[in-house]
Structure formats: C-alpha cells, structure tokens
Protein chains: 2
Amino acid sequence: LRLKPPVPLPAWKSQPIVTQKIPNAGPIADLLQRKAYSSSFNRQLRHPSWVLEHITKETLIRGEGVDRSKSRFQEDKDIPEKFRAKLLDYVRSGYDRGHMAPAADAKTTQETLNETFLLTNIAPQVGNGFNRDYWAHFEEFCRRLVTNEEFKDVYVFTGPAYLPKKDETDQKFYVKYEIIGNPPNIAVPTHFFKVILATKDDPSKPEGELHALGAFLLPNDRISNTTPLQTFDVPLDALERVTGLTFFDQAIKDSSIHLCKVSKCILVA
Amino acid sequence: LRLKPPVPLPAWKSQPIVTQKIPNAGPIADLLQRKAYSSSFNRQLRHPSWVLEHITKETLIRGEGVDRSKSRFQEDKDIPEKFRAKLLDYVRSGYDRGHMAPAADAKTTQETLNETFLLTNIAPQVGNGFNRDYWAHFEEFCRRLVTNEEFKDVYVFTGPAYLPKKDETDQKFYVKYEIIGNPPNIAVPTHFFKVILATKDDPSKPEGELHALGAFLLPNDRISNTTPLQTFDVPLDALERVTGLTFFDQAIKDSSIHLCKVSKCILVA
Ligand SMILES: [Mg+2]
Ligand SMILES: [Mg+2]
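Quick caveat: nothing in here was measured; it's all calculated off a predicted structure. Counting restarts for each chain, with residues numbered from 1 along the sequence as it is written. Each chain is given a letter, starting from A, and each ligand a number, starting from 1, according to the order in which they appear as written. Only residues with pLDDT of at least 70 get local features here, since the model is predicted, and only at 80 or more are side-chain atom pairs given and counted; chain-wide, interface and lining totals rely on the full set of residues. Working from all heavy atoms in the structure, the side-chain values ignore hydrogens and water.

For the rest of this paragraph, the subject is the relation of the copies chain B and chain A. Superposing copies: least-squares fit, C-alpha atoms only, residues required to have pLDDT of at least 70 in both. Expressed as a screw transformation, the operator carrying chain B onto chain A has a rotation angle of 180° and an axial translation of 0.0 Å, and the superposed copies differ by an RMSD of 0.0 Å. Taken together, the rotation angle and the small translation identify this as a two-fold axis. Distance from the rotation axis, computed per C-alpha, reaches its smallest value in chain B at Lys 176 of chain B: 2.1 Å. A contact between two residues is defined here by any heavy atoms of the two lying within 4.5 Å. Most of the interface of chain B is mirrored in chain A: 98% of its interface residues are interface residues there too.

In structure tokens form, the structure reads like this:
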C-alpha cells in the first residue's frame, strides 16, 4: 500500500532540516469536500475534527424519490486504510453512528444524502437520550432558523470535543475517553459542539447583514428534553481553546451578536 | 487580539461550501522551523506532535562558550496566545519540562541551544527514572549512532503518544491522561516515541546508502536502567496508527533494515 503524499507546505523545501527526503509527518487533516458539507478528518481519533454545512431554504428541499432507507453507512476510501474508521468498529460498541452533518439536512439528492453516511461524517454518539433525542432536536433547531426564523444563510460547524474532569481525590484534571473497535480504533468523544452562524439581511448593519453567532457544547450522554439549550451555550473562545480549532475569522466574530439574542434558543421536542 | 490566518489550502476557495468567508477551522499544525530542529505543534494538546532533528558529527560539536546555564525555558510567541503552552502550566505540576529535541544535540551555538528551550519543543515528562534517567540514556544512544557507530546522518522524530489501556472490569479500552495548568492547559502524554533513521555509505545498497530504521515507544513513567531498549521496539506501522502520523515515505521504509540489526540497541547508563 502506497501512502498518500503529505500535504505540501510552501515553506517546507527551503528549510535546513526538513527536506523532500523527510516529508512533513503530519498530522494531516484530510479535507473532504462533499456536495452537502465539508469535513476535516482526524487521523489519530478516526472521526472528523469538524464538519461544516451551509443550510438555506433551498438545501432543505427534499428531492423527488430521495429516501433515507436507500442510504447505507460506508467507510471512506479517501482516508488511507491505516487511519480509516471501519464499519466493524461500531458493531456491538454500544454507540450510535452519529451524523455530524445530519442526514435530514441533505435530502436534495440521493447522492447528497448518501454522502452524510460516510464514516468521515460520523462519530460515536450515545443513542438513547442523545443522538435519537436531545441532539436530534438540536439539529432540528438549526433547520428551523431557516424555515421558521427567516435566516437566509446558516453555517454550522459540528464536531467532537474532549473535556477534562477534576478528580476529587487528587484534585487533578484528567481527560478520559473510550476507544471502540478491536483492535481499538475510533475514539468516543466526551462532548459534541455546534457553532452556528446565522445571517439575514439588515440594512442597519455594516454590509447590510446581521450576523448571529452561537456556540454550544453538549455532553455525549443522555440529556433530558426539559434541559434548556442555553445550558450548553459556551463562549466561542472557550470552545476554540478546548478543541484547538479556530472558527470563523475575527471580523465575523466582532460583527456578530449572540444567536440567543435574536432567536428563541428553544428546542422543540 | 487578531488571530493568525489559517493555513491556506489550495483547493479551498473553489469549493461549494467552504469559502473565504468561512476559512478552514483547522486543526492547524503549526510548523516551526528552527536552526536545530523542525517542530509541529498541536494546538489542542499544547505540545508538539513531533520534533525532527538531523544529527551529524558536525551538529554535535560544541561551540565556544555555549553554555546550558545561559538558556532559559521560554514560551513560544509563534503560537497564538490562545493555544500557547505557558511556563506557569508546569509550575508545581510534578512534571519535568521534557525536551523533544535534546539540548545536548544543539550545542553548536547559544542560539541553537536556546531554541531547544522553547515550549514548542517541550512536553511534560516524568522526571526521576524517565527524563533524567532512562530517556536521557536513550537520547545519548541516538548521538552514539554518529559518534561511536559511524552513521553519517541520523534523523530522529521525537514526540508524545496516547495509548489506550484495557479496563479489566468492563473489558473496554480507555485513554486517560492528565492536563496540567490552572485552568488546565497542557496534556501529559502517556508515552513518548522516537523514530530513528540512520544512514551510512554502503556501495552494495541501492543509491549506495544503507538505511537503518527503528521505532521505539516508551511509557512516560519510571523505567529501570536494566530494561533492554528492545523492549520498546515497535513496528513503525503500529506507531503511525496510534499517533495518526506518517513518518518517512514508503520508499525509505521499503529500503530500510531494522536499526537493531546493524546497531547494538543497547543503552549506556
Ligand atoms: Mg444523529
Ligand atoms: Mg530531557
């Protein structure tokens, strides 16, 4: 098996130590551009680092004959075999294959729907009380920003996170997570985030556009449907620190108001 | 504080969803090119993913007046403040600030030596029995490949790793690691690796060069000096799987023999 060449880095070749002979060892963040989303795959944890969708009224229209029962979860051949998430890893793991970009957001064609079943759009999620319940309502909340609240463009980053917990006996912070598969292959996130940027026309704002931004971080665990969404509202800066990611550029952050100031941040169960 | 722009990706702009408005969220693997090493920083774990050195007889010569006591550990301003490892994080953590590229490999000038004290070359290591003992002897072993075993060029990747352990009560695999700092900031690796490529002239080999390759994975823990180095010898493929990294290209892997076949893989304590 011949490995993919690593991502070329412009400054690389001219440097003293690292040469073409010794290429960049990575980590390579495989960037996968699908029709209905973009995804950045984490080769160490074997799930995406984030998945980005752009939701509009148009992308939510169901195409004729598009049918979820025709879609199958599938391994992603764009990832080298060595780092790939496998269907077998999930079998009897106790976890759902949780969509990052939800299937329900990608019904325009059978192809866009099928893409959401690639394991590069999937991470292990608690099924009952989370993926099949609270998290699903949260996904619906994102769609309602377009269908019920008149936002024009909604950009959503969805992804896993790993949070430390204080051990009460030694007062130290530890991160602990399961790895599923045998041999162990896919990490089970302790949390999942969504960062939502919703825009609509507003002539009173700079560039005539209102930017509403919200970041939410939920435990990968049963959550009661009565828990207010705002319980999981976190400063974007804190989410960036814990994930190591940088969502949106500073200009967008500076020009945004909090999503829950212009939207009722309420889930419909 | 204005954030650094994310790494530009050639295919990025022309794609349907991700636009210049929504740049690549990362993870950005900050590539730091120093005089004595190259390093790739992990913004989530706040330590390098790997550090690469190229050791030769020349790089091991101590420059006049070069003195370790003049070097100070220092935060690396090349990393955005939000993702930076801090000197304070290590204070009273119980862990050493462990060099990935060893200070002793970079004595040619005070500048090269000082560079190894940047926190982008550092990760938390157990002090007694590891950083100050077994690991230090392992570092010396790498230098001896050049000084005592006549290898011409020695390339060493050094970095942290996180290994799962089987829980004997539920038979599941878990990764668990501490995070030091308050608020918690820097992850404490469960293991450290070195991947060593040592080359020398050999007219009987393709391109006239013998390639010797070894991968070693050691627990971040006390190790008795009587433990043979070969205890920690791992298949390079297994190390790549667990770290998500890709060391060297396939041609180099294919043309290499195991380091311990041409070198006595023995540490001198
Ligand atoms: Mg789901
Ligand atoms: Mg050391």
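Note that Ser 38 of chain A resides in strand β2 (residues 38–42). Side-chain polar atoms of Ser 38 of chain A contact the side chain of Gln 33 of chain A, separated by 2.7 Å. Numbering of helices and strands runs from the N terminus, with a helix taken as a DSSP run of H or I at least four residues long and a strand as a DSSP run of E at least two residues long. For this analysis, a polar contact is any N or O atom pair within 3.5 Å, provided that within protein one partner can donate a hydrogen and the other can accept it, and provided that sequence-adjacent residues contribute only side-chain to side-chain pairs.

Right, let's get into the interface of chain B and chain A. Between chain B and chain A, the contact holds 66 residues from the first and 65 residues from the second. Summed over both partners, buried area is the accessible surface (1.4 Å probe) that two parts give up on being assembled. Interface of chain B and chain A: buried area, both sides summed, is about 6,000 Å²; carbon and sulfur atoms make up 61% of it. Salt-bridge detection follows one rule: a side-chain nitrogen of Lys or Arg within 4 Å of a carboxyl oxygen of Asp or Glu. Across the chain B-chain A interface, the total number found is six salt bridges. The partner of Lys 82 of chain B in a salt bridge is Glu 240 of chain A, and the shortest N-O contact between them spans 2.4 Å. Taken together, the links from chain B to chain A amount to 17 residue pairs in polar contact (both at pLDDT 80 or more). Counting only elements with at least two residues in the side of chain B that touches chain A, the list comes to β1 (29–33), β2 (38–42), β3 (47–55), β6 (153–161), β8 (173–180), α5 (236–243) and α6 (250–254) of chain B.

Once that is clear, we can look at the pairing of strand β1 (residues 29–33) of chain A. All names here are of chain A. Burial along β1 is one-sided: the face carrying Asp 30 and Leu 32 is buried and the face carrying Ala 29, Leu 31 and Gln 33 is not. Strand pairing is assigned whenever DSSP detects at least two bridges linking the two strands. Note that β1 and β2 share five bridges and pair antiparallel. Residue Leu 31 lies in a different strand from β2, and its bridge partner there is Ser 40. Hairpin connection between β1 and β2: a loop of four residues separates the two successive antiparallel strands. Note on exposure labels: buried denotes an accessible area under 20% of the residue type's maximum, exposed denotes more than 50%, and partly exposed covers the range between, all computed with a 1.4 Å probe on protein chains only.

So, on to the UniProt feature "binding site: Mg(2+)" (unreviewed entry) in chain A. All names here are of chain A. As recorded in UniProt, the sites labelled "binding site: Mg(2+)" (unreviewed entry) are Asn 131. Following the sequence through the fold, Asn 131 ends up in helix α3 (residues 127–131). For Asn 131, a relative accessible area of 16% puts it in the buried group. Among residues more than four places away in sequence, those in contact with Asn 131 are Asp 96, Gly 98, Gln 125, Val 126 and Ala 136. Among the polar contacts listed, one links the side chain of Asn 131 to the side chain of Asp 96, at a separation of 2.8 Å. UniProt positions are given in the numbering used here, feature names are shortened, and annotations may be inferred rather than shown by experiment.

So, on to the sheet that holds β1 of chain A. Within a sheet, neighbouring strands are paired by backbone hydrogen bonds and run either parallel or antiparallel to one another. Residues and elements named next belong to chain A. In space, the seven strands of this open sheet follow the order β1-β2-β3-β6-β10-β11-β12, with mixed pairing throughout. Edge positions in the open sheet fall to β1 and β12 (256–258), since each of these has one partner strand only. Shown here is a sheet whose adjacent strand axes are inclined to one another by a mean of 20°, direction ignored. Note on geometry: axes are C-alpha line fits, over the in-contact stretch for helices, and angles between N-to-C directions span 0 to 180 degrees. The strands touched by helix α4 (residues 134–147) within the sheet are β3 (47–55), β6 (153–161), β10 (191–201) and β11 (209–219), with β10 carrying the most contacts at an inclination of about 10°.

The subject of this paragraph is helix α4 (residues 134–147) of chain B. Along an α-helix, residues three or four positions apart point the same way, because every turn accommodates 3.6 residues. Residues and elements named next belong to chain B. Taking 1.5 Å of rise per residue, 14 residues should cover 20 Å, and α4 covers 20 Å from first to last C-alpha, within 8% of that figure. Here α4 lies mainly inside the structure; 10 of its 14 residues are buried. All of the buried residues in α4 are Tyr 134, Trp 135, His 137, Phe 138, Glu 139, Phe 141, Cys 142, Arg 143, Leu 145 and Val 146. A helix is expected to span 1.5 Å multiplied by its residue count minus one.

Turning next to the sheet that holds strand β10 (residues 191–201) of chain B. Residue and element names in this part refer to chain B. An order of β1-β2-β3-β6-β10-β11-β12 is seen for the seven strands of this open sheet, with the pairing classed as mixed. If you trace the sheet from one side to the other, it starts and ends with β1 and β12 (256–258), each paired once. Going across the sheet, the axis of each strand differs from the next one's by a mean of 20°, ignoring polarity. Pairing between strand β11 (residues 209–219) and β12: three bridges, direction parallel.

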